[in-house]
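For reference, the chains in residue letters:
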Amino acid sequence: MWTLVVLCSVIASCGVRGDNWWTTLAQPEETVTSDASCGGYLHSSSGTFYSPGYPDNYPDHSECIWYLRFGSGIVQLNFPFISIEDHPSCMYDAIYVYDGFNTAYRLLGKVCGNTTATFYSTGVYMTVRFKSDGSISSSGFRADYRVVAQGSCRYNCGYQVGSCSCSSSCEYRGNCCSDYYDYCLASTPETPSTPGDNWWTVDDVVTDQPSCRYNCGSHMGSCSCSSSCQYYGNCCHDYHYECLETTTVPVTTADNREPTHDYFTDFYPSCRYNCGSHMGMCSCENSCQYYGNCCHDYYYECSETTPEAPSTPDYTSCGGYLYGYSGSFTSPNYPSAYPHYADCIWYIRPGYSVIRLWFSSVNIESCGNCGCDSVSVYDGSSTSSSLLGKVCGRNTATFYSTGSYLTVRFRTDSSASYSGFRAFYENGDYFSTESPVTEQPSCRYNCGWNLGSCSCTSSCQYNGNCCPDYYDHCSSTTEWPTTEHPSCRYNCGWNLGSCSCTSSCQYYGNCCPDYYDECSATTPEAPSTTDQPSCRYNCGSHMGSCSCSSSCQYYGNCCHDYYYECSETTPEAPSTPDYTSCGDYLYGYSGSFTSPNYPSAYPHYADCIWYIRPGYSVIRLRFSSVNIESCGNCGCDSVSVYDGSSTSSRLLGKVCGRNTATFYSTGSYLTVRFRTDSSASYSGFQAYYEVGDFFSTESPVTDYFSTESPVTEQPSCRYNCGWDLGSCSCTSSCQYYGNCCPDYHDHCSSTTEWPTTEHPSCRYNCGWNLGSCSCTSSCQYYGNCCPDYYDECSATTPEAPSTTGDNWWTVDDVVTDQPSCRYNCGSHMGSCSCSSSCQYYGNCCHDYYYECPTSTMEPEVTTDQPSCRYNCGSHMGSCSCSSSCQYYGNCCHDYYYECSETTPEAPSTTDQPSCRYNCGSHMGSCSCSSSCQYYGNCCHDYYYECPTSTMEPEVTTDQLSCRYNCGSHMGSCSCSSSCQLYGNCCHDYYYYCPASTTEPVSPDYTSCGGYLYAYSRSFTSPNYPSAYPHYADCIWYIRPGYSVIRLQFSSVNIESCGNCGCDSVSVYDGSSTSSRLLGKVCGRNTATFYSTGSYLTVRFRTDSSVSYSGFRASYEVVDNFSTESPVTEQPSCRYNCGWNLGSCSCTSSCQYYGNCCPDYYDHCSSTTEWPTTAQPSCRHNCGWNLGSCSCSSSCRYNGNCCPDYYDYCSSTTEWPTTATPCGGYLFGSGNFTSPNHPSFYPDNTYCTWRLRASSDQRIFLAFTYLQLESCCECDYIKVYDGSSYMGTMCNNSLATFHSSSNSMTVVFRSDSRVVARGFRAEFISSLPTSSGQVTCSSDNMNIVVQRSYLNSLGYDGDNLYLNNPSCRPQISSSQVIFRFPIEGCGNDKKIENGRVVYTNTLRADTSSYGEITRQVHLKINVACQMDQDSVSQIMYLVEHTGNSSIVGTGKFNTSMNFYTSGSFYYQVTQVPYKVTLNQNLYVQVDLSRQSSNLVIFLDTCVTSPSPHDFENRSYYLVRNGCPVDSTYRPYYTGLRPYARFTFKAFQFLRAAESVYIQCKVLICQASDSNSRCHNPPNCRNRVARDLGTEHDSQTLVLGPIQLRASEKKEEGTKEQDEA
């Protein structure tokens, strides 16, 4: 139980005036009826409250406030009885009802006298205030409240309105707001009869944006109508119009104690000395009036400095929060005149880097120093930040931030008004903030320091973030700092990490020591407001830019007068730590550190702490060198290593003397502390750390921040002040982060120092993990128990006895000291290993060499499975010998034989979380939400505590009762005998099912319901084929976890009534009986059902009348695109050693993770290296997805088939070749038509066909009939090659298409007007390359067909011919080959979609015997498709049974282009290229797909006025590799996969306007040093060399080049005349 704290019983005793907004209540849990006598917070969905003393008279001078705060809905408040002193205007005693968060919201009404009244809120909040004077008193009132509705759809159609929805999808998701159909029905489309492409997600938005009308206080999804939107900047557009009077947020105190001066200074900052500053939890800036977060004494201390707040601030046109990476904003009404008295603030917060702000247009009234109207720009998050400058008049300007925030304020007076300004901002690294002297920070004077944007520490070499001059100044010293602090010399304007050299350091108090010596000339004057926040009146508070909390001494952000004002309340500040030479935060995956001055003597009185926080896995820490003073128990000088994030974590050990050591963390943190005394000093130590999986420090199974079966409701701060307890905190900082434990203020509010307890205590915390240590029973096994665990919680965690009783279901208690390798050679045992790899990882079990000496050269498994003998209580890797294995189902095979008597009494922790006070909430390990009935995770007392708040479950019997359900699994509990093993028996199991519980037996899932996880299985009605029982209610949950499920009823004999109303089987398409009903079965009607996902639920119910033999049903998993079930039961490791096969693994690590495939040890036990097969194989694995590739039929669509898929699985996974009437997936070859073809297609049709072929095939698509509306923008067909657009087809425009990939998409769309008969299309897939291929070049076509393929069709090579029958093939022992010129053998040349296509037909003479033939008619279409920069070729078969198509590739393709300059960055796209005489021209020749294995050599380039004749009128630039033209200059030739050259422009004589260039290039292997490319000719001898046959050559033509009009001349140079 809890008691609401009185807000204020009597004004006189509280000493408060007004609305008492500075007090608050301890947050209660939910309740139904408040027992608060005067005010409180009410959170339940319904309840009652009364006037003080009711039904007796209320006291004089009462003032009570009730805050009704619900998460959703509208509040109905009813006063059935009121007896209050009467007055016409209720001026004496009265009840005030406010429509919102507090008494500053809109007043709904006042009530007094003897009457009744009812009020409704417009949002989720309502506030009720009762006030009495000092005279007449009466019996008061009674008030009843309840939540009656949710958010309203009025003005919000198409939007998500917090807890409900006004979008059309809500009809399918079932979360429509109550008035959705009243306002949004007309905006919701009818549910189509044939679902297309995700029709259920189309939201039809009627309103532009969500509206706050009727929704004040609610969160609207995309924006908010709650007062917090002002802080988060996500207010809906009309928030200030609809909810303006309701947005003052009370600043509250920690509890309801009488506010005293000392109390407020302890907890709440004061504005005294702080006007203009933001104080963290409240503000002393004048903007606090608009945001409602003013500090309590703001108006008393700062009222004279604050203008009146505007009546209605318009944040969209006048100020706001800007979070984008770039954006713009303007003055109000821009470009019209801005208003008088404007005061607009824009908070620019992109969150990254430096911000550049520029004003592109400025027209603002100008006075001296911008004293009239102006724009002020601040370098930070508020107007209290450093002023960068002001803008007025017509002066544009640009500003740069020094960090990730800028604030812009526009203020106007009452005089002249102009058009204002327009401003833009963007995010970037501009290096120009605050006039930095250096381009980047310098390491001079800073060796060993991290300078913020770069580093001068030795670790920068590993992390790759060294400053530019690191090696100039620090290369000889890579240890720790040579300077005491970072220096500002060479670094003005930069933030150096531990201190700053920017001007803002003066306001934040973190300037480097020599800042004023080096940078004072670059720093502006401090603002006229208070220099810095003051700690006077604020001890213990965080002030935003600095802190008055004791923790500031550790974080280094104390306010300037902290020690003056707060020294008596604060422990001595530790000496300033030098974290780089003596302690540091280490975040890298690996690194090293040493004692101070290493290898010289370390200093006396050293106290250094290193926080190792890489954030991953387990940390190994090795001390490679140790020389430290040694005393007993390392009592003089020592290194202490802690297993966690601080020195309060568990101590792993100490190091001193000369003893090296290695430590492993159990998580992702280690803390290392080095402390010395005043005596001897030595060289110290050197240590290394690294992240990895070392197998010797197996991480705990449980989450350290989970709430494992808590005994206490939440962790308590009693005895734990100053500690972070995992799920909540008892540190003073919890007040800023809002994660204080419930009783923080009861125990810790008077102290803001660091911990008052040495360690967290288990008192009041049994069963909780407290972060740095644990009070859960598992801490005994993980070794992280809190110090007083056994004192406080021993009753919950008994010692592990050698023999046990009957209660074997308790937590894991380790009986044996360590796992043993006896019977376990080759296995990984969890905390240690018996595998041969343990010798390399150093985690061998203690008796490994005794038990497994012969098995350590090659790991081999000597036992079938790990054994529990000698290992009870341990986790064995692939199985477990701990008691928890009974819950997780991973017990080792001999667990019950070896360990059945070794499980101690269960700890007396609470059974489960309770639903009392928690109805509707999810409790972690179980749920008190109504959905728990469907998911089967209801808490134990759910039905007892929450019956009125929960939907009635569909079952007719109580879900938690075993009546009529013996042998069934009931979801959250079980009535099956196996429940005794799993500990989940329903509460009345032993009452109704005792006959079945003497001995636990295997569950009979087929008799009456159960969970079915196999890929295929059958089940029957109870007693089948005998008569089923009356009142049966059986549910089978079919959950194989894969693809689509097919369910067939092979035999049915069930009583039949109308609509199967007597006895029936219901089939649901999902995981529960609340899923969509697929259908019912009764009578003698068999049926087949398919799921749409990986779940089916089957329910069989009978009444009390007739009974028959029942039914028999079977199910199996089928593929999405096929009805074939998997060929193999599970993936096999045969041919797959070293690969992870998706559902199981064939890698050696599977032995540690326990996911080895069944036959792993049969095929892979002798090899634990990387794969022995090139890729996973489909042999034995058809129908399975093997991780890196797939043997499922869907792989042909997804393009991820394993290499041998077609060898083993192609016959088991056929695809449809005829599509659905409107769109679908098609594979191979086939045809499809428009809907209703040859009849008319319907209006508003939208169909998508996705054509797929195997990865090595291409697709040929031909439209054989086409009739569409004669409007290409109305009805049309679009074709895509993969995702690339190929073309659009309109009415009567028949066409064919050839894909360049193995996929093609066809989209057909019609409008709402004219219709036609549509189209018919045929598609064909090419042959695999193993059957035939074609290669093309610009000169020739080569067709190769395998004789084995022809033989399968009944042909050989002798009877094949082309369009020109005289073209006959060459025939070898395995191939039939046609070679002919591209223009010959009847090739047909045409243009399709802007490309040249050559086609031919390959036919065969058929041999007949009389009137019959046994040969397939052979006709193969062959196509070569020539692009500008590529050549692709496809052979397609005309549609005939048994025929297919062939695909091939062309030769190297090259291109030649002009560029604008010698940088070869911008390509010339102008055609023709207009130039001037003697202009330098730049040419590049390159491969279309560059390869580092090839190079290009420029052999010959010749020019001509004609692109067709380079012999009669030609002029050479280079010939046979030797320059001819005097202006020709090569850049690269023969060295790279491209060649470049330049020459000067010229003109041919005799009126030739154009110049064309033809170049012949050689393509060579880069590694061939003997090639022509690597051995250019000796041009002095001018001897031409033959190209030879070892190179590939290409000839290219580029042009035309034309002179500009002013440059055309009839005469040229002498050189041109000679040409």
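Parameters and conventions
Residues numbered from 1 in each chain as written. Predicted model: local features only at pLDDT ≥ 70, side-chain atom pairs only at ≥ 80, totals over all residues. Heavy atoms only, no water. Core = buried A, V, L, I, M, F, W, Y, C linked by side-chain atoms within 4.5 Å. Buried < 20%, exposed > 50% of the residue type's maximum accessible area, 1.4 Å probe, protein only. Helix = DSSP H or I, 4+ residues; strand = E, 2+ residues; numbered from the N terminus. Contact = heavy atoms within 4.5 Å. Pairing = 2+ DSSP bridges. Disulfide = S-S within 2.5 Å. pLDDT = per-residue confidence, 0-100. Polar contact = N/O pair within 3.5 Å; in protein donor to acceptor, adjacent residues only side chain to side chain. Salt bridge = Lys/Arg side-chain N within 4 Å of Asp/Glu carboxyl O. Axes fitted to C-alpha atoms, helices over the stretch in contact; angles between N-to-C directions.

Observations regarding the nonpolar core
So, point 1. Within the largest apolar cluster, 32 residues are counted, with the highest numbers of intra-cluster contacts made by Phe 1458, Leu 1481, Leu 1498, Leu 1517, Phe 1541, Phe 1543 and Ile 1601.
So, point 2. Among the elements of the structure, strand E58 (1454–1459), strand E59 (1473–1475), strand E60 (1480–1487), strand E61 (1494–1504), strand E62 (1515–1519), strand E65 (1538–1544), strand E66 (1554–1565) and strand E67 (1592–1603) are those that each provide at least two residues to this core.
So, point 3. Here this core gets five residues from one element, more than from any other, and that element is E66.
So, point 4. Leaving out residues up to four positions away in the same chain, Leu 1517 has contacts with Cys 1501, Thr 1503, Pro 1523, Val 1524, Asp 1525, Tyr 1528, Phe 1541, Phe 1543 and Phe 1546.
So, point 5. Cys 38, Ala 94, Val 97 and Cys 112 belong to the second-largest nonpolar core, a separate cluster that totals 29 residues.

Notes on the pairing of strand E16 (residues 374–379)
So, point 1. The buried fraction of E16 is high, at six of six residues.
So, point 2. Both E16 and strand E19 (residues 406–411) contribute to a ladder of five bridges, which runs antiparallel. Looking across to E19, one finds that Tyr 378 is bridged to Thr 407.
So, point 3. Here E16 hands over to strand E17 (residues 386–391) after six residues, the two strands then running antiparallel side by side.

A short note on the state of the cysteines
So, point 1. Within this structure, the stated rule accounts for 52 disulfides.
So, point 2. Across a sulfur-sulfur distance of 2.0 Å, Cys 717 and Cys 730 are joined as a disulfide pair. Taking the torsion about the S-S bond as the criterion, the Cys 717 to Cys 730 disulfide, at about -95°, is left-handed. Taken together, the residues span a long stretch of sequence, with Cys 717 in the loop between strand E29 (684–692) and helix H15 (734–737) and Cys 730 in the loop between E29 and H15 at a distance of 13 residues. For the pair Cys 717 and Cys 730, one class covers both residues: buried.
So, point 3. What pairs with Cys 773 in a disulfide is Cys 786, and their sulfur atoms sit 1.8 Å apart. The S-S bond linking Cys 773 to Cys 786 shows a torsion near 90°; that makes this disulfide right-handed. You can see Cys 773 sitting in the loop between helix H16 (744–747) and helix H17 (779–782) and its partner Cys 786 sitting in the loop between H17 and helix H18 (789–793), a full 13 residues away along the chain.
So, point 4. Take Cys 773: its relative accessible area is 7%, and that puts it in the buried class.
So, point 5. Overall, the relative accessible area of 3% leaves Cys 786 in the buried class.

Thoughts on the confidence of the model for the protein chain
So, point 1. On average, the protein chain scores 75 in pLDDT, and the residues at 70 or more come to 74%.
So, point 2. Across the protein chain, strand E37 (residues 1096–1101) holds the top mean pLDDT of 95, while helix H1 (residues 11–14) sits lowest at 30.
So, point 3. The model gives residues 948–959 a pLDDT under 50, and that stretch makes 25 contacts with residues more than four places away or in other chains.

Digging into the environment of Asn 597
So, point 1. Note on placement: Asn 597 falls in the loop between strand E22 (590–594) and strand E23 (607–612).
So, point 2. Judged by its relative accessible area of 47%, Asn 597 falls in the partly exposed class.
So, point 3. Among all residues touching Asn 597, those that are not within four sequence positions of it are Tyr 602 and Pro 603.
So, point 4. Reaching out from Asn 597, the side chain makes a polar contact with the backbone oxygen of Ala 601 at a distance of 3.4 Å.

Structural notes on the pattern of salt bridges
So, point 1. Considering all chains together, one arrives at 16 salt bridges under this definition.
So, point 2. One salt bridge connects Asp 1069 with Arg 1076, and the closest N-O pair in it is separated by 3.0 Å.
So, point 3. Take Asp 1069: its relative accessible area is 11%, and that puts it in the buried class.
So, point 4. A single network of salt bridges, built from pairs that share partners, joins Asp 343, Arg 409 and Arg 411.

Some thoughts on the sheet that holds strand E39 (residues 1224–1227)
So, point 1. Reading across the sheet, the five strands line up as E39-E41-E46-E43-E44 and stay open at both edges, with mixed pairing between neighbours. Of all the strands in the sheet, the pair left with one neighbour each is E39 and strand E44 (1284–1289). When strand polarity is set aside, the average angle formed by the axes of neighbouring strands in this sheet is 20°.
So, point 2. Bridge analysis of strand E43 (residues 1276–1281) against strand E46 (residues 1303–1309) gives six bridges, and the strand direction is antiparallel. Within the sheet, the bridge partner assigned to Lys 1278 lies in E46 and is Val 1307.

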